[in-house]
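Fold and contact review
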Amino acid sequence: MAILVIAEHDGGVLKAATRNTVTAAAKVGGPIRILVAGSDCGPAAGAASKISGVSKVMVADDPRYGDQTAENVAALVAARFRDFSHILVPAGTFGKNLTPRVAALLDVAPVSDVIRVEGPDTFVRPVYAGNAWVTVRSSDPVKVVTVRAAAFDPAGDADVPAPVEAVAAAGDLGLSRRIRRELSLSARPELTEAEVVVSGGRALGSREDFFRLLEPLADRLGAAIGASRAAVDAGYVSNDYQVGQTGKIVAPRLYIAVGISGAIQHLAGMKDAKVIVAVNKDPDAPIFQVSDYFMVGDLFRILPELIDALEND
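An account of the accompanying structure is given in this report. Not measured: the values here are computed from a predicted model.

**Here's the deal with the sheet that holds strand S13 (residues 254-258)**
- Pairing within the open sheet is parallel, and its five strands lie in the order S12-S11-S13-S14-S15. A single partner strand is all that each edge strand has here, and the edge strands are strand S12 (224-227) and strand S15 (293-296). Taking the axes of each pair of neighbouring strands and ignoring which way they run, one obtains an average angle of 15° across the sheet.
- Relative to strand S14 (residues 275-280), S13 runs parallel, the two being bridged by five bridges. What sits directly across from Val258, in S14, is Val279.
- Sitting on the sheet, helix H5 (residues 207-221) is in contact with strand S11 (196-200), S12 and S13, with an inclination near 170° to S11.
- Sheet contacts for helix H8 (residues 299-311): S13, S14 and S15; angle to S15, the most-contacted strand, approximately 130°.

**Comments concerning the packing of aromatic side chains**
- Enumeration over the complete set of coordinates arrives at five aromatic pairs.
- Aromatic pair Phe288 and Phe294: ring centres 4.5 Å apart, planes at 35°, arrangement tilted.
- Exposure remark for Phe288: the relative accessible area of 9% places this residue in the buried category.
- One aromatic cluster is present, built from ring pairs that chain together Phe210, Phe211, Tyr236 and Tyr241.

**Considering the sheet that holds strand S4 (residues 86-90)**
- As summarised here, the arrangement of the seven strands in space is S5-S9-S4-S1-S2-S3-S10, forming an open sheet in which the pairing is parallel. The two strands at the open ends of the sheet, each matched to only one other strand, are strand S5 (111-114) and strand S10 (164-166). Averaged over all neighbouring strand pairs, the angle between strand axes comes to 25°, with direction disregarded.
- In terms of strand pairing, strand S1 (residues 3-6) meets S4 through three bridges, oriented parallel. Across the sheet, Leu4 pairs through a bridge with Ile87, a residue of S4.
- Packing of helix H2 (residues 42-49) onto the sheet brings it into contact with strand S2 (32-38), strand S3 (54-61) and S10, and relative to S3 it is tilted by some 170°.

**Some thoughts on the environment of Lys96**
- Checked against the element boundaries, Lys96 lands in helix H4 (residues 93-106).
- Note on Lys96: relative accessible area 46%, which makes it partly exposed.
- Distance in space between the C-alpha atoms of Lys96 and Asp113 is 9.0 Å, their sequence separation being 17 residues.

**A few points about the pattern of salt bridges**
- Evaluation of the coordinates by the stated rule reveals 12 salt bridges.
- Between Glu165 and Lys56 there is a salt bridge, and its shortest N-O distance comes to 3.1 Å. In this pair, Glu165 is assigned in strand S10 and Lys56 in strand S3, connecting sequence segments 109 residues apart.
- Accessibility expressed as a relative area gives 34% for Glu165, which makes it partly exposed.
- The salt bridge involving Glu71 is made with Arg101; its shortest N-O contact spans 3.5 Å. Of the two residues, Glu71 sits in helix H3 (residues 70-80) while Arg101 sits in helix H4, which places them 30 residues apart along the sequence.

Reading the values: the criteria
Every chain is numbered on its own, with residues counted from 1 as its sequence reads. Reporting of local features is limited, given that this is a predicted model, to residues whose pLDDT is at least 70; pairs of side-chain atoms are given and counted only at 80 or more, and all residues count toward the totals for whole chains, interfaces and linings. Only hydrogens and water are set aside; all other atoms, that is, all heavy atoms of the structure, feed into the side-chain values. We treat two strands as partners when DSSP finds at least two bridges between them. The helix count covers DSSP runs of H or I at least four residues long, the strand count covers runs of E at least two residues long, and both are numbered beginning at the N terminus. Orientation is described by axes fitted as lines to C-alpha atoms, over the contacting stretch for helices, and by angles from 0 to 180 degrees between their N-to-C directions. Residue contacts are defined here by distance: any two heavy atoms, one from each residue, within 4.5 Å place the two residues in contact. Stacked, tilted and edge-to-face pairs are distinguished by plane angle, under 30 degrees for stacked and over 60 for edge-to-face with tilted covering the rest, among Phe, Tyr and Trp rings (Trp via its six-membered ring) whose centres lie within 6.5 Å. Buried, partly exposed and exposed residues are distinguished by accessible area as a fraction of the type maximum, computed with a 1.4 Å probe on protein chains only: under 20%, between the cut-offs, and over 50%, respectively. Salt bridge, as used here, is a side-chain nitrogen of Lys or Arg placed within 4 Å of a carboxyl oxygen of Asp or Glu.

Now the structure itself:
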């Protein structure tokens, strides 16, 4: 019963969520193999081979996978890996785009956003914006699963790297192509991988105040910056910053919510944080119900005082 983990990477760098997905695969039980599909993706394949618990890394290094379009990668998986019992993918944008196509080609039902593995055919996933969990048992011959990385610890490093094996490419379907890629470059940690996240809401009032108030705090804590959907909709930041059910799922050691009321869809994206601190002027804000610590008051007064206290510590 071999398990396939499809790596998420950008060619040179293996995304951290791949390690969390390997941990989930280990709970299923069985030999774990990683597929790295891309172009000039040798560095990512080398990093994958060093993950503990991986028995083999299979590399499809071909220009047709350079853009990692879901159609071509799904065709590769369906053509070369249909004999695997499980196919696991991190539940990010890449995984959510890929797995429905893989499942359709294999004629099975995917199981999405898994937060716990109960057995080879039994998984737990959140529903109703994380307010309830449902246990799903799949009888399909191949289980196609997306894994919420925040719910699993990352796999460690192996003592001995796993062997790396080349895999022949499948056909180029020509159904889509990348025109351009616009990246938000930042010296800050990646939002989904950060140990500390500082998020702002619409109450910050403007894009200028959003960054004027949050950046010094994030700099002091070495934190990533996030935002509520309301802040994104108001144009303060791009949707790359959005935390929530329709944004990014995070589970840092410390999450600081500034001017965020705590809509259900936002809570679904951050309530697994180890410690939650909230700043809001409304004492009845829903965010306080999940907060470990909270400050009721004017954020425009509290935040500068908090930054001063940290700088003088």
